[in-house]
Amino acid sequence: MAGRLSWSAFNVARRSFGQQLRGSQAQLINSRTFSSALGEEQPNFPGSRSKWTEKLEFVQPDLYDGIPVYRVMNRKGEIIDPAYDPKLEKDTLVKMYKRMTMLNTMDRIMYESQRQGRISFYMTNYGEEGTHIGSAAALDDNDLVYGQYREAGVLMWRGFSLDRFMNQCYGNEGDMGKGRQMPVHYGSTEHKFVTISSPLATQMPQAVGTAYAFKRAQNGLCVVCYFGEGTSSEGDAHAAFNFSATLDCPIIFFCRNNGYAISTPTSEQYRGDGVAARGPAYGMATIRVDGNDVFAVYNATKAARHLAVTENRPVLIEAMTYRIGHHSTSDDSSAYRSVDEVRHWDSTQHPIARLRAYLVQQGFWDEAQEKQWKDDCKRQVMQSFARAERRQKPGWKALFTDVYDDMPDHLQEQFEYMKSHVDEYEDHYPTKHFAKDN
Ligand SMILES: Cc1ncc(C[n+]2csc(CCOP(=O)(O)OP(=O)(O)O)c2C)c(N)n1
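Residues numbered from 1 in each chain as written. Predicted model: local features only at pLDDT ≥ 70, side-chain atom pairs only at ≥ 80, totals over all residues. Heavy atoms only, no water.

Draft legend 1. Spatial organisation of the pattern of salt bridges. For the coordinates displayed, the defined rule picks out 21 salt bridges. Between Asp423 and Lys419 there is a salt bridge, with the nearest N and O atoms lying 3.9 Å from each other. Taken as a pair, Asp423 and Lys419 lie in helix α15 (residues 409-424) at a separation of four residues, close to a single helical turn. Accessibility expressed as a relative area gives 27% for Lys419, which makes it partly exposed. Members of the salt-bridge network, linked through shared partners, are Glu128, Glu151 and Arg256. (Salt bridge = Lys/Arg side-chain N within 4 Å of Asp/Glu carboxyl O. Helix = DSSP H or I, 4+ residues; strand = E, 2+ residues; numbered from the N terminus. Buried < 20%, exposed > 50% of the residue type's maximum accessible area, 1.4 Å probe, protein only.)

What follows is the structure, encoded as structure tokens:
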């Protein structure tokens, strides 16, 4: 590929960079030896740049008021400062609205389907639709996404079909993941979305590694890594932030700060000024946005992408939002927060309602369209749902394949053993639901 260094060229480049570095270090040491005055006027420790002080003062965390929340429109969907209106085309705006509402409809139906025992698990995206669609719309469709599990809207924006969502949740033959993972653990090579896995934050240093590879390949793309504020407490988050800054990686860290990590409120998650305040400490450009304002998310992501790609540096976006739904179908959030609190966010700050108000003001949307689209959405989701439910599960051999690229002998042996076992005791297994390809 053009622009990619061969190994030998890379080694030459590395050697000459090493020589330069050693040269500049030597210069620094020499200048220190010769100018002891520098240490008097200004500290010259290699570990930081700052001034002397004779006051014994601790830096207090409440030194400043907190990083402000960037917004473009108010709760009524009115643009506050026209200079920041991204002035998107009508088609793009309607598409944004349609994908947000489609996601919402899919969530409602899949949540119900789990309640009825049709799928084993589900996680809704209620209240966070603006963070997904606003950010996805501002990216290049070839930028690589690493998600946590509550970012289905990003995939939806990129055209991941309803059938694909359903097939994954049903773990049927149509699932690209061959039914091996829990529902909502989506992934798609075609949509540049790395497959989700459950252990929190593990995607973060991996995303940095990819961003580093992108920088080497000079492909003009960036990596986007989504995570929740709870996840930001993991050690892997620290590793990722620091590596991305010290290795100058084109990555956007997108934190969805929705107030809770299951039952843990942010007051028990951290004591600093949210996640954004950590950004500058790692040397990252950082912004905090109103995650329920799809335009603020869009503008911030667009600008972050520009910084990441043109300057090869990490950028941190903290999108403030609220998790309106339960954590998952395994959670009843009324056990730890009030129904009134949830109702407040649902009724006064919802990202979908805000965008809709904006569209109506522009004359891009009306009651009749709303009704028609709601019916359409429901029909499309129900049809896809019925198709997924009818499909068989993958042949059970898929439990043994892809553990390694090639199946080693000891695994082959286990497979043969299971095959003879299932053949003998077929009546005791639900084999009629599984494809026969073993
Ligand atoms: C390493 C690890 N620890 C714990 C869990 C269990 N767990 C799953 S989701 C979750 C909460 C994550 O909260 P947050 O990152 O804020 O995301 P949100 O669910 O609010 O979107 C926890 C603790 C896990 N999956 N992985």
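So much for the structure itself; the text now carries on.
Draft legend 2. Main features of the site of the ligand. Within the structure, the ligand sits among 17 residues, and Tyr149, Arg150, Thr231, Arg256 and Tyr260 are positioned closest to it. Gln148 is positioned with one of its side-chain polar atoms (N or O) 3.1 Å from an oxygen atom of the ligand. A distance of 3.1 Å separates a nitrogen atom of the ligand from a polar backbone atom of Ser198. In isolation the ligand exposes 590 Å². Once the protein is present, 73% of that is buried. Of the residues contributing to the shell around the ligand, the split by class is six nonpolar, seven polar and four charged. (Near = heavy atom within 4 Å. Polar contact = N/O pair within 3.5 Å; in protein donor to acceptor, adjacent residues only side chain to side chain. Areas by Shrake-Rupley, 256 points an atom, 1.4 Å probe, with all protein chains shown as cover. Nonpolar A, V, L, I, M, F, W, Y, C, P; charged D, E, K, R; others polar.)

Draft legend 3. How the structure looks around the packing of aromatic side chains. Counted under the stated rule, the structure contains 19 aromatic pairs. Relative to Trp52, the ring of Phe45 has its centre 5.9 Å away and its plane inclined at 80°; by these criteria the two rings are edge-to-face. You can call Phe45 exposed: its relative accessible area is 52%. Ring geometry for Phe400 against Phe415: centres 5.6 Å apart, planes inclined by 65°, an arrangement best described as edge-to-face. Residue Phe400 is found in the loop between α14 (367-390) and α15, and its partner Phe415 is found in helix α15; the two are separated by 15 residues along the sequence. Of note, Lys98 hangs over the ring of Trp373, and the distance from its end group to the ring centre comes to 4.8 Å. The cationic tip of Arg108 hangs over the ring face of Tyr126; the distance from NZ or CZ to the ring centre is 5.0 Å. (Phe/Tyr/Trp six-rings, centres within 6.5 Å; stacked < 30°, edge-to-face > 60°. Lys NZ or Arg CZ within 6 Å of the ring centre and 35° of its normal.)

Draft legend 4. Geometry of the layout of surface pockets. Space inside the largest pocket adds up to approximately 690 Å³. What lines the largest pocket is a set of 33 residues, among which Asn104, Arg108, Tyr126, Asp346 and His350 lie closest to the centre. Among the elements of the structure, α3 (90-115), α12 (339-348), α13 (351-362) and α14 are those that each provide at least two residues to the lining of the largest pocket. By residue number, the principal contributor to the lining of the largest pocket is α3, which donates eight residues. In the lining of the largest pocket, the residues fall into 13 nonpolar, 12 polar and eight charged. (1 Å grid on protein atoms, 1.4 Å probe; cavity = no way out; pocket = protein on both sides within 12 Å on 5 of 7 lines; lining within 4 Å. Points joined across faces, edges and corners; volume = space filled by probe spheres on them.)

Draft legend 5. Structural detail: a nonpolar patch on the surface. A cluster of nonpolar side chains, namely Val59, Leu63 and Tyr64, defines an oily patch on the protein surface of about 360 Å² accessible area. Tracing the sequence through the fold places Tyr64 in the loop between α2 (36-41) and α3. Given the relative accessible area of 42%, Tyr64 is considered partly exposed. (Patch = residues over 30% accessible without salt bridge, like charges linked within 9 Å, V, L, I, M, F, W, Y side chains within 5 Å.)

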